[in-house]
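Architecture and fold: a report
For reference, the chains in residue letters:
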Amino acid sequence: MDELHSLLKRFFGYSTFRPLQLDIIQHLLKKEDAMVLMPTGGGKSVCYQLPAIYSPGVALVISPLISLMKDQVEGLRASGIPAAALNSLMPEAEQQQIKQLARQDKLKLLYISPERVKAEMRWFLPHLNVSLIAIDEAHCISQWGHDFRPEYTQLAILKERFPQVPIIALTATADKVTRNDIIRQLHLRNPRTFISSFDRPNLSLAVEKGLDKKEKIRAIVRFIKHRPRQSGIIYCQRRADTEMLAAELQRFGFGAAAYHAGMEPQDREAVQEAFIADRTRIICATVAFGMGIDKSNVRWVIHYTMPQSIENYYQEIGRAGRDGAPADTLLFFSIGDMIILRRFVEESGQKEINAEKLEWMRRYCESSVCRRRVLLSYFGESTTEDCHNCDICKNPPERFDGTILVQKALSAIVRTDEHVGMNLLIDILRGSSQAEIKDRGYHLLKTYGVGRDLSFGEWRGYLYQMIQLGFVEVNAEEHHVLKVTPTGRDVLYGKQKAFLSRFREEVATDPYKATPIRRLCSSNLEASLLDALTQLRKQLAAREKVPVYHIFTDDTLNDIIEQKPTTLEDFAEIRGVSDLKFRRYGRVFVSLIRFVMRLPKLPPASETE
Ligand code: ADP
Ligand code: ZN
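Residues numbered from 1 in each chain as written. Chains lettered and ligands numbered in written order. Predicted model: local features only at pLDDT ≥ 70, side-chain atom pairs only at ≥ 80, totals over all residues. Heavy atoms only, no water.

As for the overall build of the protein
- Secondary structure assignment for the protein yields 26 helices and 18 strands.
- For 609 residues, the compact-globule formula gives about 25 Å, and the C-alpha radius of gyration of the protein, at 27 Å, lands near that figure.
- Along the first, second and third principal axes, the C-alpha atoms of the protein reach 90 × 65 × 45 Å.
- Burial status across the protein gives 56% buried among its 609 residues. (Helix = DSSP H or I, 4+ residues; strand = E, 2+ residues; numbered from the N terminus. Rg over C-alpha atoms; globule rule 2.2 N^0.38 Å. Buried < 20%, exposed > 50% of the residue type's maximum accessible area, 1.4 Å probe, protein only.)

In structure tokens form, the structure reads like this:
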């Protein structure tokens, strides 16, 4: 067991396991099958990479995307672990070379794409000394999952041909039906299921309600301006939106690119490569993006449109902050999007299940309690603590008796014969002199101008609450006009009171401000240190032609800034500094830290170092 810890430090640079990692590894070493459920960024890879290093022979890793394999293999090699990937896009000679290495037992991990498995089972795979088999993104085998891939259904052959070899199936998808389907289809034998907490406390959560297109773009620009030099993803439902947004952001001078399934494969590849290499900071993408990459320094994720389920949402925000350092997320919610999604659901195969999933998503967006608690309760985890890292916790709603305010709005709706949409209603309440109001004679209504005391944004916020509380309904069939519900009538006629949450437009804490990555980066010294370290990492990455996070992750830089190691011994203790990385980069980093801290130079390298 101590040997496992020392391997963890030596190859990955960590001194402690994350929850469940050690249990899973020990289970595999007993040659037993395992089903692992961990959120994206939870640390699944170590669960099979470490036993692969520990055991004699080579571990097979089945992974659906070529780009993902490439990134993982590069990462492993950067830590001194012999690994390779086999896929159909490689030249034949290179494939032969890799097979040769595998046969000679010179690889610890071999990544294979699922469609290759069956073919390679004839000549190649049976000749290997296979230590274990890992099936990543295992939900792809199930039609119940959200990402079914027919190639995965051939993987049952693995257990058949390698009955003695332990299989570990890994996924970040939660539901039980999918999980059982995976176990059944892969023929796992008495597998133990490991479910880790879905909590990712380093992700901040925020929801912004009811903004129109222009306002969303303005909000996004503000959000990005607070985050210079950070990488992020903006998810959209429609391809057209990805292109529109990328163009808008470029107009503001940001390096942004679009990514969607309608693009040529080589264009998509190019966009992805540029993102990984930090040449393009911002990707506006449909959900197709992100599954294939392991980029650990994505610092924020925005949802331009709401996803269809909490699973999707969680997986997508999970692509931020995989290195464990703070990362921010922002979701835009609007009734319009909700209506479009409802229509999708109506037309989908599993109508009831999908409607339920969408309903959860709405509940999340409209929550007036800690959002993380809502998320975790969806995954069946209950907590008694608020998270202090979501918009609700940071700016808790203050409740007040809003009966009169609600009555004003409801009475205006009734007096317009339920013929107006939200924006026009607000204009009536605020006594606007716009033409449509005069034309339709609404300026003569008794309710015209009764809500001048509130801003447009405040009214919109309260109307959203009235919808959420079931006083008002939006009629999708009829140009989204507002209607008063029976409960609404009770409030209107004074039979029931209405309590609202205080809506604050200008909140003290700007929700668009970045959560400081370097929490302790308070002093000038730390700021200079951060600059210097980032520069050095960038230079090294450029020289070695690898992404910066393969040199050191943001989390490792954080730890360096916190610990300020000024000797080689102290540097070796930093989170994420493996043996190989210590030998490669220890001296330059410590020299730089000493330079910034105005300490004398390190003594020259001795023989023993
Ligand atoms: P996923 O579950 O999405 O496959 P990864 O395996 O990519 O997640 O791990 C996410 C991040 O967490 C990586 O940067 C990885 O190096 C880091 N990590 C994994 N295990 C540990 C650990 N025991 N201590 C600290 N960081 C870890
Ligand atoms: Zn919270």
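What about the packing of aromatic side chains?
- A complete count under the given rule lists nine aromatic pairs for this structure.
- Here the aromatic rings of Phe552 and Phe571 are separated by 6.0 Å at their centres, their planes lie at 65°, and the arrangement is edge-to-face. Note that Phe552 is positioned in the loop between helix 23 (548-551) and helix 24 (554-563) and Phe571 in helix 25 (residues 568-572), a separation of 19 residues in sequence.
- Take Phe571: its relative accessible area is 0%, and that puts it in the buried class.
- The interplanar angle of 25° and the centroid separation of 6.0 Å between the aromatic rings of Phe571 and Phe589 together place this pair among those described as stacked. (Phe/Tyr/Trp six-rings, centres within 6.5 Å; stacked < 30°, edge-to-face > 60°.)

Digging into the side chain of Asp71
- Position of Asp71 relative to the elements: it lies in helix 4 (residues 66-78).
- What Asp71 contacts, discounting residues up to four positions off in sequence, is Ile276, Asp294, Lys295, Pro547, Tyr549 and His550. (Contact = heavy atoms within 4.5 Å.)

So, the site of ligand 1
- In the vicinity of ligand 1 there are 15 residues, among which Tyr14, Gly41, Lys44, Ser45 and Arg322 approach most closely.
- Measuring from a nitrogen atom of ligand 1, one finds a backbone N or O atom of Thr16 at 2.9 Å.
- Contact between ligand 1 and Ser45: an oxygen atom at 2.6 Å from a side-chain N or O atom of the residue.
- Protein coverage of the free-state accessible area of ligand 1, which is 570 Å², stands at 87%.
- It is helix 3 (residues 44-54) that provides the largest number of residues to the shell around ligand 1, a total of three residues.
- Across the shell around ligand 1, the residue classes tally to four nonpolar, seven polar and four charged. (Near = heavy atom within 4 Å. Polar contact = N/O pair within 3.5 Å; in protein donor to acceptor, adjacent residues only side chain to side chain. Areas by Shrake-Rupley, 256 points an atom, 1.4 Å probe, with all protein chains shown as cover. Nonpolar A, V, L, I, M, F, W, Y, C, P; charged D, E, K, R; others polar.)

A look at the domain arrangement of the protein
- Segmenting the protein into domains produces domain 1 (2-195), domain 2 (203-394), domain 3 (399-501) and domain 4 (524-608).
- Relative to domain 4, the C-alpha centre of domain 3 lies at a distance of 59 Å. (Domains from an automatic or database assignment.)

Concerning the coordination of the zinc ion (ligand 2)
- At this site the zinc ion (ligand 2) is bound by Cys370 (SG), Cys387 (SG), Cys390 (SG) and Cys393 (SG), with donor distances of 2.3 to 2.4 Å.
- Taken together, the four donor atoms surrounding the zinc ion (ligand 2) define angles of 101 to 120° at the centre, an arrangement classified as tetrahedral.
- Here the donor residues for the zinc ion (ligand 2) map to a single chain with the spacing C-x16-C-x2-C-x2-C.
- Classification of Cys390 by relative accessible area gives buried; the value is 0%. (Donors = N, O, S within 2.8 Å, 3.2 Å for Na, K, Ca; no water. Tetrahedral: all angles 85-135°; square planar, octahedral: opposite > 155°, others 65-115°.)

As for the sheet that holds strand 4 (residues 109-112)
- Judged by pairing direction, the sheet is parallel, and its seven strands sit side by side in the order 3-4-2-5-6-1-7 without closing on themselves. Either end of the sheet is taken by a strand with one partner, and the two such strands are strand 3 (83-86) and strand 7 (192-195). The sheet shows a mean angle of 20° between the axes of neighbouring strands, taken without regard to direction.
- As judged from the four bridges shared by strand 2 (residues 58-62) and strand 5 (residues 130-135), these two strands associate in the parallel manner. Of the residues in strand 5, the one forming a bridge with Val61 is Ala134. (Pairing = 2+ DSSP bridges. Axes fitted to C-alpha atoms, helices over the stretch in contact; angles between N-to-C directions.)

Some points on the packing of helix 14 (residues 351-365) against helix 15 (residues 371-378)
- For the pair helix 14 and helix 15, interaxial distance at closest approach is 9 Å and the crossing angle is 160°. Considering the angle they form, helix 14 stands roughly antiparallel to helix 15. Crossing angle aside, the handedness with which helix 14 passes helix 15 is right-handed. Contact residues: Lys357, Trp360, Tyr364 and Cys365 in helix 14; Arg371, Val374, Leu375, Ser377 and Tyr378 in helix 15. (Parallel < 35°, antiparallel > 145°, perpendicular 65-115°, else oblique. Left-handed = near helix turned anticlockwise from the far one by under 90°.)

Let's talk about the pattern of salt bridges
- Overall, the coordinates contain 31 salt bridges when judged by the stated rule.
- Measuring nitrogen to oxygen at the nearest pair gives 2.5 Å for the salt bridge that ties Glu366 to Arg362. Comparing Glu366 with Arg362 shows no difference in burial state: the two are buried.
- Taken together, the shared-partner salt bridges connect Arg299, Asp323, Arg537 and Asp554 into one network. (Salt bridge = Lys/Arg side-chain N within 4 Å of Asp/Glu carboxyl O.)

Section: the nonpolar core
- Within the largest apolar cluster, 81 residues are counted, with the highest numbers of intra-cluster contacts made by Met306, Tyr364, Leu410 and Met466.
- Residues lining this core come from more than one domain, with at least three contributed by each of domain 2 (203-394) and domain 3 (399-501).
- Apart from the residues lying within four places of it in its own chain, the contact partners of Met306 are Gln237, Leu331, Phe332, Phe333, Asp337, Met338, Leu341, Leu358, Met361 and Cys365. (Core = buried A, V, L, I, M, F, W, Y, C linked by side-chain atoms within 4.5 Å.)

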